[in-house]
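# Chains, contacts and geometry: an overview
What follows is the residue order along each chain.
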Amino acid sequence: MKHLWRLLPFSFILLLAGCGVENLSALDPQGPVADMQLSLIQLSLYIMILVIVVVFAVYLFVLIKFRERPGDTHIPKQVHGNRTLEFIWTTIPILLLLMLAVPNVMDTFTLAETSIPEADEDGVEPVPGEDYVTIRATAHQFWWEFEYPELEINAGQEMYIPTDTRIIVELEASDVIHSFWIPALVGKQDNVPGITNDLWFEAPEEGVFFGKCTEICGPSHWLMDFKVIAVDQSTFTTWADTMAAPPAEFTEPQGEVAVEGRQIFEANCIACHAIGDEGGAVGPNFTNYADREVVAGFLEHTDENLREWIRDPQSLKPGNEMPAFDESTLSEEELDSLIEYIDTLQILE
Amino acid sequence: MSNAKAQPKSVLWDWLTTVDHKKIGIMYMVAGLFFFALGGLEAILMRIQLMFPEFSFLGYQTYNEVLTMHGTTMIFLAAMPLLFGFMNFIVPLQIGARDVAFPFLNSLGFWLFLFGGLLLNVSWFTGGAPDAAWTAYVPLSSDSPGHGVDYYVLGLQVSGAGTLIGGINFLVTIINMRAPGMSMMRMPLFTWSTFVTSMLILFAFPALTIGLLLLMLDRIFGGAFFDVAAGGNVVIWQHLFWIFGHPEVYILILPAFGMFSEIIATFAKKRLFGYSAMVFATLIIGFLGFMVWAHHMFTVGMGPVANAIFAVATMAIAVPTGIKIFNWLLTLWGGRIKFTVANLFALAFIPSFTMGGVTGVMLATSAANYQFHDTYFVVAHFHYVIIGGVVFGIFAGMFYWWPKMFGYRLDETLGKIFFWLFLIGFHLTFFVQHFLGLMGMPRRVASFLDGQGLNEMNLISTIGAFMMGVAFIILVITLIVSRKNTDNVDDPWDGRTLEWATPSPVPEYNFAQTPLVRELDALWHEKYEGDGKMKAAEPLDDIHMPNGSILPIFISLGLTVASFGLIYSTHVITVIGLLITFGAMFVRSIKEDHGYHIPVSEIKRGKGER
Ligand code: HEM
Ligand SMILES: [Cu+2]
């Protein structure tokens, strides 16, 4: 029993690290930036636990020792104060805070270093898409647009990145303020209209990471999720090349139904949803729609959910910009072929 | 005079026109409790919505409205007025004054607050409450459809004017109206913190006023201060809001600190440890409170230099706050601690507030703040300081001063049930939220998805909220059933400060003769070093009192009418409203009113009854 007690502080740390769902929790970091931030959180937590332990110990002692006992009527000595004590409890907190402030200032500056990497000793310039990737994340009510300026890509809702590569994200907003947060990879920065903010991070492991909007931006703020998909370098290159120049079958599909679906897409959808660089940008880009993890940023990706969304986007995500397509604009059969076409827009397995 | 009060209509008239700081204090308390119940109901509605994942109880739009109104109501219409109630009732008594410096303005301040608060809540019935959260960040607020945000702008503008007037009044009162011998360094801590709070109000509220004015111009008159497309800037709003908003949290917590200082000293039967350090710490906190506003904006893109500076400045506030915590602990040390309900709340405050304070330092760590910001971690933090600090202070103050204010003692047994339920419910609700935030739950979300590991803790949180709700009902019952405890109400706790030298209920002139203050803790000094009675600083004489007036209601009503005119852009009504207001002010200016005198004979009768 006795040594179990010694484990207590550690169990608290364990409790903190590894809490929550994988790839969603800031307590289970999956990259160097979130690691650095969790270390700082832990440092502050230890200092604070120290403070709490001291305060609680004095507190409990005082309450037990000096409680009024039955029949006690003495008048306690009226003490004015004590210089030494007051000096001690002014200085020690200052020292504790310095222990936290110094690493914090250093980390704050490290996190702000968002420039692209410099050329190496031989003067070889870094290659975008391989040595680093710049992504412009524009927030809209209530979806995310990811442009890759150097690679000439526009993607919606899902941000593909190569593993182990420096990712620089420029943040913008098209309507109100939003905020870009990937808890397991990097803390948040705001998307502010009229301003471009930025941040950087890396993802050493492949995986699908949860991203969220954390600034209230309207009724469907809570549904403004996105995904970060980290893949190996060669997969990323395939993805990027296809996104930049979609193959012919994406725009001229094979098979009768899909051809019909494509026509319906052109008639109803393309004004807002582009494929490649062809089409509007009122809604998310559709080039790799069949690869999408989720529909509308939050619904499991099934044909059923896609149908439901197209029929009535407002009840699923109130306040978004997409109009409803009911039976009078799109018959059941037309919707079938539309979805069959959309299901062909696949880049990765 | 007493037979005139017997008629019910006159009682109502008396309250509507009163300029007596005690009655105004009571009205602040009653209105504050009403809004507290309303804000609490809104909190419960939100917690029901968040009880299960993807639960639909309120719609998402309605959730945002309830969220906005909960925050706005709790801060502006519940916490501040309840504190103002205590300040109004207690501070003049503590400094041995007959009233505040400007009784008429005092009444005006109250009615402006009440009309502003009611105006804000009218929005529920006119097509939707404000929905851009209590911080009303532009452009979400400036673009918000409907009239909800217009109600927010004008409701806060009207009630904010009341607060500003109240703050100035307290400053003048405390500077000018202290009884002979009551030097600044003999003032009770609650008076000191009221003084510092009033300074904060004086400097902070103008920033809010300007922000609201710009927002009003944008929304109602087509201005473009916050319209990026027209060259406006949206970050300016955040600066204006937090230059007000950060001092605002000290406006709330400092009076509570003052109350705890008095209550802990009284129930430990000891002089406050380190009185001058406590005063100094209050001043430092008040000053630093203006230097740290941008710690609410670490993620908005201010750059690492500003972030680092504001992070360090914020951490510095922990030092004076820590000094206070240790001074309270050392006040208890060596005392004879009595566990009354008032003291239970004061004692529960120490660990609860410490927990909220340390998460404050964690949040001030800018590089880590990128993870904490706008998540449930923040929700947990500020409820720990606001409930664990301000609300516990209000409850402690209620149980402590109720006999003085209302002439009866609150039942201790019911009070203790209330205390324990509330305390446990509070920690249950908010402790788990620290983890929810770090596990990926943003704040201000109308719901959360299933399968993200957030279900259990949200359920626990809601259960805690229900416990607090039940506790509040028990409090209301306590307030009602305790009315029979009218014995031993003048000085039930062996008080240390001047308010306990008056009879309960306090006569309208407070002190028949202005007392002479000879020491800190003036009454305690006379009780334990003297003959138990305050020495008089003046001979018994007629007392000059101000007359009541109905004009404050008209001034406030006029502004409310004008607000409706602005909200619906019907400027005929705006003009009518302003005419009412300025007309009432004009009447006030030209009408001579010299007040009246209470003759010595009546004062003697009052003293005899005691
Ligand atoms: C009965 C106890 C209370 C409960 C259960 C409660 C619950 C909540 C909940 C669920 C939220 C919404 C969080 C979110 O969606 O981000 C919230 C926000 C808030 N609460 Fe409370 N609350 C309580 C008491 C108070 C008190 C006493 C105050 C202040 C005096 C207060 C001030 C606020 C503020 C300022 C917000 C933020 C509103 C906003 O984001 O616009 N709350 N509270
Ligand atoms: Cu958003």
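Predicted, not measured: the structure shown is a model, and the values here were computed from it.

Here we come to the overall build of chain A. When helices and strands are counted, chain A shows 9 helices and 12 strands. Expected size for 349 residues packed as a compact globule is a radius of gyration near 20 Å; at 27 Å, chain A overshoots this value by more than 25%. Within the span of chain A, comprising 349 residues, buried residues form 51% of the whole. Surface summary for chain A: the accessible area is close to 15900 Å², and the carbon and sulfur share equals 58%.

On to the environment of A:L97, then. Mapped onto the fold, A:L97 is located in helix α3 (residues 83–111). Discounting chain neighbours no more than four positions away, the residues touching A:L97 are B:M315, B:A318, B:V319 and B:V361.

All names here are of chain A. Partitioning chain A into structural domains gives domain 1 (24–56 + 100–111 + 127–233) and domain 2 (248–344). Here the C-alpha centroids of domain 1 and domain 2 sit 29 Å apart. Every contact between the two is made by 16 residues of domain 1 and, on the other side, 19 residues of domain 2. Summed over both partners, the interface of domain 1 with domain 2 buries about 1500 Å², with 54% contributed by carbon and sulfur atoms.

The next point concerns the sheet that holds strand β6 (residues 178–182) of chain A. All names here are of chain A. The strand order across the open sheet built from 5 strands is β4-β10-β9-β6-β7, with neighbouring strands paired in mixed fashion. Edge positions in the sheet fall to β4 (158–162) and β7 (186–191), since each of these pairs with one other strand and no more. The sheet shows a mean angle of 20° between the axes of neighbouring strands, direction not considered. Across 4 bridges, β6 lies against β7 in antiparallel orientation. By the bridge assignment, S179 is partnered in β7 with D190.

Looking now at the environment of B:F419. Residue and element names in this part refer to chain B. Tracing the backbone through its elements, the reader meets F419 in helix α14 (residues 412–438). A relative accessible area of 2% places F419 in the buried class. Beyond its immediate stretch of four places on either side in the chain, F419 contacts L344, F345 and A348.

This part takes up the side chain of B:D218. Residues and elements named next belong to chain B. Positionally, D218 belongs in helix α7 (residues 189–221). R219 is the oppositely charged side chain nearest to the buried, salt-bridge-free D218, at an N-O distance of 9.2 Å. A distance of 2.9 Å separates the side chain of D218 from the backbone nitrogen of F225, its partner in a polar contact. Contacts of D218, omitting those with residues within four sequence positions, involve G223, A224, F225, F226 and D227.

Bringing the side chain of B:D494 into the picture now. Residue and element names in this part refer to chain B. Position of D494 relative to the elements: it lies in the loop between α15 (455–481) and β1 (515–516). The class for D494 is buried, based on a relative accessible area of 17%. Looking at D494, its side chain comes within polar contact range of the side chain of K269, at 3.2 Å. Aside from chain neighbours lying at most four places away, what touches D494 is T266, K269, W524, K527 and Y528.

What counts and how
- Residues numbered from 1 in each chain as written.
- Chains lettered and ligands numbered in written order.
- Predicted model: local features only at pLDDT ≥ 70, side-chain atom pairs only at ≥ 80, totals over all residues.
- Heavy atoms only, no water.
- Helix = DSSP H or I, 4+ residues; strand = E, 2+ residues; numbered from the N terminus.
- Rg over C-alpha atoms; globule rule 2.2 N^0.38 Å.
- Buried < 20%, exposed > 50% of the residue type's maximum accessible area, 1.4 Å probe, protein only.
- Areas by Shrake-Rupley, 256 points an atom, 1.4 Å probe, with all protein chains shown as cover.
- Contact = heavy atoms within 4.5 Å.
- Domains from an automatic or database assignment.
- Buried area = accessible area lost by both parts, 1.4 Å probe.
- Pairing = 2+ DSSP bridges.
- Axes fitted to C-alpha atoms, helices over the stretch in contact; angles between N-to-C directions.
- Lys, Arg positive; Asp, Glu negative; His and termini not counted.
- Salt bridge = Lys/Arg side-chain N within 4 Å of Asp/Glu carboxyl O.
- Polar contact = N/O pair within 3.5 Å; in protein donor to acceptor, adjacent residues only side chain to side chain.

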